[in-house]
Amino acid sequence: MIRVEGLTKEFVRPRRPPGRFAGLRTLVTRQVERTVAVDDVTFDIRTGEMVGYLGPNGAGKSTTIKMMTGILVPTSGSVDVGGVVPWRDRQRNALQIGVVFGQRTQLWWDLPLRDSLDLVATLYRMPPETYRRQYRRFVDLLDMAEFLDRPVRQLSLGQRMRGDLAAAMLYQPRILYLDEPTIGLDVVAKATMRDFIEEVNREHGTTVVLTTHDLADVERLCSRVILIDHGRVLYDGSVAELKSRYAPHRTLVVRVAGDGGQAEPITAERVAALGAALVADEGEEPEPDTVRLRFEGGRTAASDLIAALAAEFSVADVSIVEPDLEGVVRQIYSRRALPA
Amino acid sequence: MLDSARVTWALTRAAVRGAAQYRLNFVILALMGIAYQGSGFAFIAVVLSRYPSIGGWTFPQIAVLYALRLLAHAVYLVPLYMLNELDSLVREGTFDRFLVRPLNPLLQVLTRRFSVNSLGDTVTAVGILCYASSIADLRWTPMTVLYAAAAVLGGALIEGGLAIAISSMAFRFVEVWPARYLADHILLNFGSYPLSVFGAVAQWVMTWIVPVAFVAWVPAAVILDSTDGLGVSGTVAWLAPLVGAIWFCLGYQVWRFQLRSYESTGN
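Residues numbered from 1 in each chain as written. Chains lettered and ligands numbered in written order. Predicted model: local features only at pLDDT ≥ 70, side-chain atom pairs only at ≥ 80, totals over all residues. Heavy atoms only, no water.

Points about the domain arrangement of chain A
Quick note on the threshold: Segmentation into domains, and thus their bounds, comes from an automatic or database assignment.
By the assigned domains, chain A splits into domain 1 (2-9 + 42-244) and domain 2 (248-322). The centre of domain 1 of chain A, based on its C-alpha atoms, is set 43 Å off from the matching centre of domain 2 of chain A.

What follows is the structure in structure tokens.
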């Protein structure tokens with residue numbers, strides 16, 4: 001559905017010389033500064049896939065999305081979206097894609113939400129009966145009935161985002177680009193958005209490309225992530241694979257039965273013999289009588305570890321903490337900060 | 001084409017509905033337009049009450065010229081006012097949205113909001129034209145009425161072509177309002193008087209480089225049947241409306257070229 005090959009975008013800006021009259025000299029200077037925002041990015045996205053496109057601020061996410069949607073013309077490389085080169089044939093491309101920019105609404109600020117949806121239907125040349133059907137369905141799914149007649153400028157962020165999502169999906173585009181769709185939303189609003197995206201994907205096989213800083217969005221929706229930084233692809237694959245590659249460790253939290261300090265303490269040596277390691281509690285308030293053991297899921301079986309511990313110590317309770325995507329990504333981002 | 005027209009019409013109606021939410025603005029901005037354009041005309045009236053003519057043109061003749069220019073300006077401004085806001089649409093990244101919708105981005109810019117300012121200009125222009133026709137030595141024939149209508153449209157296209165070309169520089173340089181102000185003022189300050197008051201060089205430049213002459217001076221001379229001092233032949237004078245069509249096409253080509261350098265904004 002989407003084929004991106006060797007995609008590169010370089011921005012050229014006049015260089016601002018240091019010192020006095022810098023502003024004036026910028027006007028007459030011929031020196032320019034080149035920054036590569038996206039550097040030789042290649043990937044394929046199949047029909048119906050939901051892909052999380054991740055990276056820290058300034059990594060080149062938005063620039064890539066803008067080239068995929070046809071807003072920007074790349075410096076080199078190619079993009080093919082459903083057989084269309086987006087920036088060369090913008091209007092044909094527009095008919096097959098829906099775009100949500102979380103930070104900017106596409107709705108008509110001074111008009112009731114209902115009018116915005118009418119206008120989108122007109123813009124995308126929807127047959128009236130299709131529009132009526134979609135309209136009823138979306139008002140219901142996104143629970144919008146209550147604020148349809150209110151001017152968009154008076155809506156809360158959560159309501160406005162629901163309106164924006166409805167506007168982007170109304171005409172049933174084959175591809176949906178979501179750039180930070182849940183930014184600034186509360187937990188309930190986020191859940192509504194995610195459910196809706198999932199429903200649309202399941203029902204119509206809509207291909208979804210999602211950029212977000214909320215990795216819960218990705219864990220919930222995407223089976224695949226593409227991670228970029230400094231304009232280059234760092235990782236492209238499944239979420240599970242990403243975790244096992246970058247965070248193979250699971251954590252076993254063990255609470256020892258408190259019997260007045262009589263019990264034998266769990267020591268690092270004993271734990272190491274079982275194929276695990278003691279780790280510090282990362283929580284804000286360490287719980288008493290609790291130890292955390294880190295072990296590699298691939299090498300040590302959780303059941304063996306628990307059985308061995310129970311045999312030696314008086315264990316009151318155990319629980320397993322799986323690595324979350326957030327920790328994984330944090331680890332990758334912080335690693336890049338180190339000198340190579 | 002027809003399809004785009006239908007969509008554009010729907011967007012225009014929405015823009016008017018949006019503007020109608022701020023009813024007081026309608027009145028204030030319309031009054032502002034009348035005051036601004038009316039005072040310009042009053043200035044000429046005062047000057048010509050002291051001198052019988054300027055550049056060989058009498059007050060009634062200049063009134064016709066002034067009315068034609070203002071009418072052309074109004075006809076340009078009503079649909080194209082939003083070009084003035086292209087700078088901020090580009091700077092704030094709002095323009096991105098227009099590139100992912102199935103309609104020419106220029107039409108989306110123009111229909112984003114409806115500007116009320118232009119209403120005042122239109123009212124003043126029609127008022128002055130009625131007044132000028134009553135005092136000038138004018139014989140309206142079907143031919144001159146048709147020509148005047150075409151000339152007003154042509155004048156609007158000249159101003160529109162220039163505005164589109166200059167505004168589209170915003171795709172590359174983001175802020176271009178000073179250039180637009182300059183162009184506006186050249187058209188306003190030179191276009192409202194008979195160009196014969198300026199020297200031969202200035203007159204030539206404003207005929208053949210920036211076609212200020214064709215906005216109102218040449219058409220007014222044709223309507224008043226006094227094409228002698230124009231610096232263009234009578235035939236060329238009759239073809240004045242065509243200059244607008246050509247100039248507008250050029251302006252649109254510049255827009256298309258500049259659009260390719262659009263670089264959006266960061267997040």
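Description of the packing of helix α5 (residues 128-141) of chain A against helix α7 (residues 187-204) of chain A
All names here are of chain A. Counted only if it meets this: Every angle, taken between N-to-C directions, lies between 0 and 180 degrees, and every axis is a line fitted to C-alpha atoms, over only the stretch in contact when it is a helix. Working definition: helices are DSSP H or I runs of at least four residues, strands are E runs of at least two. Numbering for both runs from the N terminus. Put simply, a crossing is left-handed when the front helix is turned counterclockwise from the back one by less than a right angle, and right-handed when it is turned clockwise. Every residue pair with non-hydrogen atoms within 4.5 Å of one another is taken to be in contact.
At a minimum axis distance of 11 Å, the contact between α5 and α7 shows a crossing angle of 140°. In this structure, α5 crosses over α7, and the sense of that crossing is right-handed. Contacts from Arg137, Phe138 and Leu141 of α5 reach α7 at Phe196, Glu199, Glu203 and His204.

Looking at the packing of helix α6 (residues 157-169) of chain A against α7(A)
Residue and element names in this part refer to chain A. Note the following rule: An angle below 35 degrees is read as roughly parallel, one above 145 as roughly antiparallel, one from 65 to 115 as roughly perpendicular, and any other as oblique. Under the scheme applied here, ten amino acids are nonpolar (Ala, Val, Leu, Ile, Met, Phe, Trp, Tyr, Cys and Pro), four are charged (Asp, Glu, Lys and Arg), and all others, including Gly, are polar.
One way to put it is that α6 packs onto α7 with a least axis distance of 10 Å and a crossing angle of 10°. For the element pair α6 / α7, the angle class is roughly parallel. Contacts between α6 and α7 involve Gly158, Met161, Arg162, Leu165 and Met169 on the former and, on the latter, Ala189, Thr192, Met193, Phe196, Ile197 and Val200. Grouping the amino acids of the contact of α6 with α7 by side-chain chemistry returns eight nonpolar, two polar and one charged.

Structural notes on a nonpolar patch on the surface
Residues and elements named next belong to chain B. For the record, the criterion: Exposure above 30% relative accessible area and the lack of any salt bridge qualify a residue for a patch; like charges then connect within 9 Å, and the nonpolar side chains Val, Leu, Ile, Met, Phe, Trp and Tyr within 5 Å. Computed with the Shrake-Rupley method and a 1.4 Å probe, the accessible areas treat only the protein chains shown as cover for residues. The rule for a salt bridge is simple: a side-chain nitrogen of Lys or Arg has to be within 4 Å of a carboxyl oxygen of Asp or Glu. When accessible area is computed with a 1.4 Å probe and restricted to protein chains, residues below 20% of their type maximum are described as buried, those above 50% as exposed, and intermediate ones as partly exposed.
Nonpolar side chains collect at one region of the surface, where Leu24, Val27, Ile28, Leu31, Ile34 and Val123 lie side by side and expose about 560 Å² of accessible area between them. Tracing the backbone shows leucine 31 in helix α2 (residues 23-50). A residue is classified by how much of its surface remains accessible, and leucine 31, at 53% relative accessible area, is exposed.

Considering the pattern of salt bridges
All names here are of chain A. Enumeration according to the criterion identifies 25 salt bridges over all chains in this entry. Here arginine 92 and aspartate 89 are joined by a salt bridge, their closest N and O atoms 2.9 Å apart. For arginine 202, the salt bridge identified is with glutamate 199, shortest N-O distance 3.2 Å. Separated by three residues within a single helix, arginine 202 and glutamate 199 lie in helix α7, roughly one turn from each other. Taken together, the shared-partner salt bridges connect Arg46, Glu49, Arg224 and Asp236 into one network.

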